[in-house]
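Architecture and fold: a report
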Amino acid sequence: MNATVNPPNTPAPVSTRTVIESNHMYGRWIDRLYLLGITEQVELINKDSTKYQGKIHRRRITVQNAQGENFFAMAYESADSRWFDNAGLPIKKPNQISKDIDQESADINITATPHSATSE
């Protein structure tokens with residue numbers, strides 16, 4: 001038999017990548033956006049626990065409440081066209097992106113933090 005067997009009391013191999021448990025929702029892994037402290041910087045963690053390296057833009061969108069009234073909300077769009085609500089959860093591309101987006105909030109170039117974790 002050519003199987004390799006670890007001696008007793010040998011620790012299991014440990015992944016070098018940090019797994020973000022809050023990216024696991026309803027039995028599946030999701031992409032999730034995180035706000036970094038009190039700054040306006042955000043970080044997008046992909047479903048495989050790697051950090052997104054592209055640009056992320058803050059957008060003002062129009063949303064309708066249960067009574068049919070419109071209001072503005074913030075959403076985030078990644079350079080590869082993924083959308084996230086203000087809680088950092090993935091959403092479909094909004095139907096109504098406000099045309100008069102506040103220049104200051106629309107043009108904030110929120111860049112993901114440099115990739116520091118290693119891949120498996």
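Right above here is the structure, for reference.
Residues numbered from 1 in each chain as written. Predicted model: local features only at pLDDT ≥ 70, side-chain atom pairs only at ≥ 80, totals over all residues. Heavy atoms only, no water.

Counting its secondary structure elements, the protein contains 1 helix and 9 strands. Scanning the protein from its N terminus toward the C terminus, one meets helices and strands in the order β-β-β-β-β-β-β-β-α-β. For the protein, the residues scored as buried account for 30% of the 120 residues in total. Expressed as a percentage of contacts within the protein between residues at least 6 apart in sequence, the contacts between residues at least 24 apart total 47%. (Helix = DSSP H or I, 4+ residues; strand = E, 2+ residues; numbered from the N terminus. Buried < 20%, exposed > 50% of the residue type's maximum accessible area, 1.4 Å probe, protein only. Contact = heavy atoms within 4.5 Å.)

Looking now at the packing of aromatic side chains. Tallied over the full model, the rule gives 0 aromatic pairs. A cation sits over an aromatic face here: Arg 60 above Phe 72, 4.0 Å from the ring centre. (Phe/Tyr/Trp six-rings, centres within 6.5 Å; stacked < 30°, edge-to-face > 60°. Lys NZ or Arg CZ within 6 Å of the ring centre and 35° of its normal.)

Here the focus is the pattern of salt bridges. On inspection of all chains with the given rule, the structure shows 4 salt bridges. Here Arg 82 ties to Asp 31 by a salt bridge, and the two come within 2.9 Å at their closest N and O atoms. Residue Arg 82 is found in the loop between strand 6 (70-78) and strand 7 (83-84), and its partner Asp 31 is found in the loop between strand 2 (28-29) and strand 3 (32-35); the two are separated by 51 residues along the sequence. Arg 59 is paired through a salt bridge with Glu 77; the nearest N and O atoms lie 3.2 Å apart. Of this pair, Arg 59 sits in strand 5 (residues 55-64) while Glu 77 sits in strand 6, and the two are 18 residues apart along the sequence. (Salt bridge = Lys/Arg side-chain N within 4 Å of Asp/Glu carboxyl O.)

Quick look at the environment of Thr 18 now. Along the chain, Thr 18 turns up in the segment before strand 1 (24-25). Assessed through its relative accessible area of 56%, Thr 18 is described here as exposed. The spacing of Thr 18 and Thr 50 is 32 residues in sequence and 8.6 Å in space, taken between C-alpha atoms.

Read these as spatial facts, not as claims about activity.
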